[in-house]
Amino acid sequence: MFLIQHPSPLSSLAYLFGCTGKRAAIVVDVHAGDEEAFLAMAREKDVEIRYVIDTHIHADHVSGGRRLAQLAGAHYALHESNAGAVPWDFMALRDGQVLEAGNVSVQVLHTPGHTDDSISLLVTDRSRCDEPWFLVTGHTLFVGAVGRPDLKGREREMAEKMYDSLFGTLLSLPDHLEILPGAQAGSVCGGGISGKPVSTLAFEKRYNKGLIRDRAAFVEAILETALALPQPEAMREIIAANIAAEIPA
Ligand SMILES: [Fe+2]
């Protein structure tokens with residue numbers, strides 16, 4: 001398999017990965033304006049982009065996902081909870097669903113907390129083994145921090161959901177997993193994010209200051225961190241563009 005981590009503006013991290021042998025690839029969390037770059041990377045790898053996924057409806061940047069999917073003839077996929085909330089069709093992903101791109105398979109994990117529709121992607125290269133190799137964590141688990149739960153209101157309820165997604169879902173996965181987050185230091189979607197763009201689950205379990213095992217202490221700490229962060233610039237306009245009937249330019 002191959003994997004490209006693509007740093008985008010606003011400290012975001014997007015991904016292109018897949019199987020060169022069977023010429024199939026998946027894109028995650030592409031920014032508007034980066035679509036042509038992803039098409040060029042796919043051409044250079046000689047793969048077809050099968051799926052373009054957003055790990056959630058973003059509040060900090062305009063997504064290039066719908067446009068890239070249209071240009072590439074790929075499925076545009078989001079968590080199923082967006083059905084009825086957006087005025088366009090998409091491939092609705094459910095918890096546990098598996099997508100395939102050649103020898104690479106991706107299991108969808110619903111990990112609400114940053115937003116209700118947040119997903120993480122558990123990726124396996126079946127040409128190596130049947131165990132997953134890495135986890136694309138969107139804005140749920142960062143290197144050194146966890147996602148903020150307050151952007152769309154109901155922050156205490158969302159903080160509780162984040163606890164369950166982290167401790168109930170992600171931290172029960174194998175320690176050897178590499179963590180590939182949706183943003184690095186400088187993003188306003190979490191506080192205290194490292195500038196190092198990759199980690200392992202074992203290292204984060206030991207040293208991520210946001211992963212506080214006591215539930216009540218976790219909720220208080222994540223709310224205190226989140227409320228000290230600025231809101232993403234032009235957040236309402238960005239969300240409106242990401243769900244508008246018209247694909248963002
Ligand atoms: Fe986010």
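Computed from a predicted structure; not experimentally measured.

S.K.: I would appreciate a short explanation of the pattern of salt bridges in the present structure.
M.R.: Side chains that carry opposite charge are capable of pairing whenever their charged atoms lie near each other. What the rule picks out here adds up to 12 salt bridges. For Arg23, the salt bridge identified is with Asp46, shortest N-O distance 3.2 Å. In this pair, Arg23 is assigned in the loop between strand S2 (13-19) and strand S3 (24-28) and Asp46 in the loop between helix H1 (35-45) and strand S4 (48-53), connecting sequence segments 23 residues apart. In this structure Arg23 comes out as partly exposed when scored by relative accessible area, which is 35%.

S.K.: How do you make sense of unusual backbone geometry when you look at a structure like this?
M.R.: Excluding glycine, a negative phi dihedral is what most residues carry, and trans is how most peptide bonds are arranged. In this structure, Leu10 is a non-glycine residue whose phi angle is positive, near 65 degrees. Relative to the helices and strands, Leu10 is located in the loop between strand S1 (2-7) and S2. Non-glycine residue Arg154 carries a positive phi angle of around 50 degrees. Among the structural elements, Arg154 can be located in the loop between strand S10 (134-138) and helix H3 (155-169).

S.K.: Any chance you could explain empty space enclosed by the protein here in plain terms?
M.R.: A water-sized probe rolled over the atoms picks out the places where empty space is left. A full pass over the atoms with the stated rule returns one cavity of 30 Å³ or more. The computed volume of the largest cavity comes to approximately 40 Å³. Lining of the largest cavity is provided by Ser63, Arg66, Tyr76, Ala241, Asn242 and Pro248. Here the lining of the largest cavity is composed, by residue class, of three nonpolar, two polar and one charged.

S.K.: Would you explain the coordination of the iron ion in this entry?
M.R.: The textbook angles at a metal center are 109.5 degrees for a tetrahedron of four donors and 90 or 180 degrees for an octahedron of six. Protein ligation of the iron ion involves His56 (NE2), His114 (NE2) and His139 (ND1), the donor distances falling in the range 2.1 to 2.3 Å. The sequence motif formed by the donor residues of the iron ion is H-x57-H-x24-H. With a gap of 83 residues between them, His56 in the loop between S4 and helix H2 (65-72) and His139 in the loop between S10 and H3 connect regions that are remote in the sequence. Just as His56 is buried, His139 falls in that class too.

The rules behind these values
- Residues numbered from 1 in each chain as written.
- Predicted model: local features only at pLDDT ≥ 70, side-chain atom pairs only at ≥ 80, totals over all residues.
- Heavy atoms only, no water.
- Salt bridge = Lys/Arg side-chain N within 4 Å of Asp/Glu carboxyl O.
- Helix = DSSP H or I, 4+ residues; strand = E, 2+ residues; numbered from the N terminus.
- Buried < 20%, exposed > 50% of the residue type's maximum accessible area, 1.4 Å probe, protein only.
- 1 Å grid on protein atoms, 1.4 Å probe; cavity = no way out; pocket = protein on both sides within 12 Å on 5 of 7 lines; lining within 4 Å.
- Points joined across faces, edges and corners; volume = space filled by probe spheres on them.
- Nonpolar A, V, L, I, M, F, W, Y, C, P; charged D, E, K, R; others polar.
- Donors = N, O, S within 2.8 Å, 3.2 Å for Na, K, Ca; no water.

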